[in-house]
Amino acid sequence: MNKPLLIEIGVEELPAIPFLNELPNIEKKWSDILEKNRLLCDFDFFYTPRRLVLWHREFQISQEDSVIEQFGAPVKIAYKDGIPTGAALGFAKKCGVDISEIGKIDQGKGEVLYFKQEVAGTQAKVLLNDMVNEFISSLNFGKSMRWASRTDSFIRPIRSLSIILGEEIVDAELFGVKSSNYSFAHRMVSYEPFTYSFAGDYFCKLDKNGVILYPDERREKILSQMKDIEQRHNVKIDIDKELLEEVVAITEYPTALIGQFDVEFLELPEEVIVTSMKEHQRYFAVYKNDKLTNNFIVVSNSKTEDFGYIISGNEKVLRPRLADAMFFYKNDIKKGLSNEGLKKLVFVEGLGSMYDKCEREAKIASYLADVFKVEEKELLQKAVMLSKADLMSEMVYEFTELQGLMGYYYAQIANEDKLVYTALKEQYLPDGEDSELPSNVFSSIVALSYKLDNLMGLFSVGKIPTGSKDPFGLRRAAAGIVKIAMEHKLAIDLSKIIDALSANYKNLDKKALIEFFTERLFKIFEVNPTVIKAVLASGETDIYKVSQKLCALNPIVQSDNFKEYVATFKRVANIIKDIDTSKALSIDEKLFENKEEIELYTKYTQISSKTYETYEEELEALFSLKTQLDNFFENVFVNHENEAIKTNRKNLIGLVYQGFKNIADIKEITI
């Protein structure tokens, strides 16, 4: 028999960010508890800042009955002359019954002791108290707090608990709060709790008391109101998805309102205004004709007919925030960009100051400038040495996420070269999965220098990522290097870079860093892992060329007829496994006895003599050798009794293998 089950855990206002970080795990954790207790069913999870709700339309009122079977020792061991031995008595004790209740069963290998017990399912209301307590204990919000005289903790104090099965209040307790049939209205409706009789009554009364329980409904309400504001004011609201989810999580009855700040603050860089509004006030930015306006959107959690005082209150709060930003901005401009203060700012223990870091990055940039044939070396050195200067600015001290960006604005105001200030802006790119990349090679060198110094420097002092821990973002740095190489077609050879610059990094384990970087390739490229192994087995170390080879080879491996190809070309690898294909292989055409040898050699010579614009073209040509190879294997006996002919034939196959291995070692591929 099934009944509806409603669980509401009433809390003081939940902080949005910790809650949203845990949100993706919440339903799974409750589902696991249901399954463990043999009560698994469909359910919905809803939340507001003041309540966590689990709603089950059909919930088993009891576990299903179960049968427990236990098997013991062989009967010939359990009994001696008809008298139970210790093995039999121990089995009976384990089963919790008298020896007379123990049976026997033959499973095909002789009789063994057997006990079967039918167990009635436990009523759900007996289990729910422990289940809810386990669920709450499983939630991980980071920091937690204690309240009153309690020694246990949760993210916020728990003020109410309702576990209603059908119309019955289930006897339960959570953090000293007993289960009841009352809940709380929106704070602006009433501070007094309201009671309800069953789940349907709960949902109805919650709605009447100013609480929109469903997060999807709150989100749609906010978006609808924003759309209406856009139409009425002829503006465009920047709907930041993360901020939207945050305001959904902190409101029970949201209302989107448009406010205004003094137009003089538009003198500030756009990112400063947007960041200040978002981080400090949870406001959305408003644009008109692609330009930031002096408007903002605040999502109120108030339930009132007159929002005028709420709008004016938010305008009043925002003004000092922007006034502070303006003060920092003008002070920074007066001081100008200077990297002297970086000498007192520690980077990482063992790696000196941020100034020292800039000097190491400058050496990397100089090396890369030679590799990529960049002529603006003097500007490049200036850009690198100024790249971290804005860390000393008042603005970045207040808004750390604006580092690099403020350097861009301050360098622009100081009339630095466009290449320099653009590089300052783009030095940390890419900084995420879908991030933009540096816009030119000059900026790419600055960004690469930053990432390469992080990798070599931190590896040299033992700050190597372990497991899921990567506090310095070295995995992201490695991925960024690959993406930049691919975007700008840059020949980045990590092995050569380390060799050229290792003197600046004492105790750097080159092998460990190369292995770490290689492992990242398996995460970055969504291809058959053995394709990556095959390309790396070619000996290629240029990251851009590795990426090009992968992009060329993987579609072929994924094709329907690749199994036919791989059989032929693995046979090639097997035949030449005892010859050194790293050396030049000589062919004597006079030793050819079969037309298949001549045809294969002629076709291979034609292919190898051509120049190919892409690896795709070269692979297509090499794979076209399949017909000649199959004919060769069918009609030519490689292990000829004449040693010279035998060697000549193996060398011919070895040439084909070498041609492929310039791109990838095909024998490494498995499908």
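Residues numbered from 1 in each chain as written. Predicted model: local features only at pLDDT ≥ 70, side-chain atom pairs only at ≥ 80, totals over all residues. Heavy atoms only, no water.

Time to look at the nonpolar core. Membership of the largest hydrophobic core comes to 98 residues, with the highest contact counts inside it found for L448, L452, M456, I492, L553, L629 and I653. The element that contributes the greatest number of residues to this core is helix α15 (residues 441-460), accounting for 10 residues. Not counting the four nearest positions on each side in its chain, I653 is found in contact with V572, I575, I576, L600, L629, F632 and F633. Core analysis: the second largest hydrophobic core is formed by 57 residues, F19, I26, A172 and V247 among them. (Core = buried A, V, L, I, M, F, W, Y, C linked by side-chain atoms within 4.5 Å. Buried < 20%, exposed > 50% of the residue type's maximum accessible area, 1.4 Å probe, protein only. Helix = DSSP H or I, 4+ residues; strand = E, 2+ residues; numbered from the N terminus. Contact = heavy atoms within 4.5 Å.)

If you check helix α6 (residues 215-233), its first and last C-alpha atoms are 27 Å apart, about what 19 residues at 1.5 Å a residue would give, namely 27 Å. Listed as buried for α6 are P215, R218, R219, I222, Q225, M226, I229 and E230. Seen along its axis, α6 keeps its buried residues to an arc of 145 degrees; they face one direction. With respect to the buried face of α6, the exposed residues turned more than 90 degrees away are D216, E220, K227, Q231 and R232. (Expected span 1.5 Å × (residues − 1). Arc of directions from axis to C-beta.)

Before going further, it helps to spend a moment on the environment of A172. Counting through the fold element by element, A172 comes out in the loop between β10 (168-169) and β11 (173-174). On the accessibility criterion, A172 (5% relative accessible area) is buried. Expressed as a C-alpha distance, the spacing of A172 and V132, which sit 40 residues apart in the sequence, is 8.7 Å. Aside from chain neighbours lying at most four places away, what touches A172 is N129, L161, I163, V177, K178 and S179.

Time to look at the pattern of salt bridges. Applying the stated criterion across every chain yields a total of 33 salt bridges. The shortest N-O distance in the salt bridge between K36 and E134 comes to 2.6 Å. In this pair, K36 is assigned in helix α1 (residues 16-36) and E134 in helix α4 (residues 124-138), connecting sequence segments 98 residues apart. Assessed through its relative accessible area of 55%, K36 is described here as exposed. Classification of E134 as partly exposed rests on a relative accessible area of 33%. One network of salt bridges, in which partners are shared, links K357, R360, E361, K388 and D453. (Salt bridge = Lys/Arg side-chain N within 4 Å of Asp/Glu carboxyl O.)

A sheet is described by the order of its strands in space; here 3 strands give the open sequence β4-β8-β7, paired in antiparallel fashion. Of all strands in the sheet, those bounded by a partner on one side alone are β4 (66-74) and β7 (103-106). With direction set aside, neighbouring strand axes in the sheet form an average angle of 40 degrees. (Pairing = 2+ DSSP bridges. Axes fitted to C-alpha atoms, helices over the stretch in contact; angles between N-to-C directions.)

The relative placement of two packed helices comes down to the angle between their axes together with the axis-to-axis distance. Across the interface, α15 lies against helix α16 (residues 474-488) with an axial gap of 10 Å and an inter-helix angle of 150 degrees. By the angle class used here, α15 and α16 are roughly antiparallel. Handedness of the α15/α16 crossing: left-handed. Facing V441, S444, A447, L448, K451, L452, N454, L455, L458 and F459 of α15, the residues of α16 in contact are L474, A477, A478, G480, I481, I484 and H488. Residue classes in the contact of α15 with α16 are distributed as 12 nonpolar, 4 polar and 1 charged. (Parallel < 35°, antiparallel > 145°, perpendicular 65-115°, else oblique. Left-handed = near helix turned anticlockwise from the far one by under 90°. Nonpolar A, V, L, I, M, F, W, Y, C, P; charged D, E, K, R; others polar.)

Another aspect to go through is the environment of L6. Topologically, L6 is positioned in strand β1 (residues 2-11). C-alpha separation for the pair L6 and G200, spaced 194 residues apart in sequence, amounts to 9.6 Å. Each residue touching L6, except ones within four places of it in the same chain, is listed here: V53, L54, W55, S162, I163, I164, Y196, A199, Y202 and F203.

As a further point, take α1. For α1, built from 21 residues, the straight-helix expectation of 30 Å at 1.5 Å per residue is met to within 8% by its first-to-last C-alpha distance of 30 Å. When we look at burial in α1, the residues that qualify are A16, F19, L20, E22, I26, W30, I33 and L34. Of the surrounding elements, those touching the buried residues of α1 are β1, β2 (44-48), β3 (51-60), α4 and α7 (241-249). Among the residues trailing α1, R38 stands out with phi positive, at a value near 55 degrees.

Spatial strand order, β15-β17-β18-β16: 4 strands in an open sheet with antiparallel pairing. Edge positions in the sheet fall to β15 (236-237) and β16 (255-260), since each has one partner strand and no second. Sheet strands touched by helix α9 (residues 308-335): β16 and β18 (291-300). Its angle to β16, the strand with the most contacts, is close to 50 degrees.

On to the packing of helix α10 (residues 354-371) against helix α17 (residues 494-501). α17 packs onto α10 with a crossing angle of 125 degrees between their chain directions and a minimal axis gap of 11 Å. Classified by the angle their axes make, α10 and α17 are oblique. For the pair α10 and α17, the sense of crossing is right-handed. For the pair α10 and α17, the contacting residues are K363, I364, Y367 and L368 in the first and K496, I497, A500 and L501 in the second. Residue composition of the contact of α10 with α17, by class: 6 nonpolar, no polar and 2 charged.

Excluding glycine, residues mostly have negative phi values, and the peptide bonds linking residues are mostly trans. Omega for the peptide link from L429 to P430 comes to -10 degrees, which places this bond in the cis form. Positive phi, normally seen in glycine, also occurs at F175, with a value near 50 degrees. With a phi angle near 55 degrees, K489 is a residue other than glycine that sits in the positive phi range. Mapped onto the elements of the fold, K489 is located in the loop between α16 and α17.

On to the packing of aromatic side chains. Remark: the centre distance and the inter-plane angle together describe each pair of aromatic rings, the angle taken between the planes. Evaluation of the coordinates by the stated rule reveals 29 aromatic pairs. Taking 5.2 Å as the distance between ring centres and 70 degrees as the angle between the ring planes, the aromatic pair formed by Y565 and F623 counts as edge-to-face. In this pair, Y565 is assigned in helix α21 (residues 562-575) and F623 in helix α23 (residues 615-623), connecting sequence segments 58 residues apart. Its relative accessible area of 6% is what places F623 among the buried residues. Through a chain of ring-to-ring contacts, the aromatic side chains of F19, F45, Y47, F141, W147, F154 and F175 assemble into a single cluster. For R218, the ring lying beneath its charged end belongs to Y47, and the centroid distance is 5.5 Å. Between K425 and the ring centre of Y408, over which it is positioned, the NZ or CZ distance is 4.6 Å. (Phe/Tyr/Trp six-rings, centres within 6.5 Å; stacked < 30°, edge-to-face > 60°. Lys NZ or Arg CZ within 6 Å of the ring centre and 35° of its normal.)

On to the side chain of S302, then. Looking at the element boundaries, S302 is found in the loop between β18 and α9. In contact with S302, not counting residues within four places along its chain, are H186, M188, Y253, T255, F307 and I310.

To continue, consider the pairing of β3. Counting buried positions along β3 yields 8 of 10 residues, so the element is predominantly enclosed. Pairing geometry for β1 and β3, over 8 bridges, is antiparallel. Its bridge partner being in β3, E8 is matched across the sheet by V53. Bridge analysis of β2 against β3 gives 5 bridges, and the strand direction is antiparallel. The residue bridging F46 from the neighbouring strand is V53, located in β3. The antiparallel pairing of β2 with β3 creates a hairpin that spans 2 residues between the two strands.

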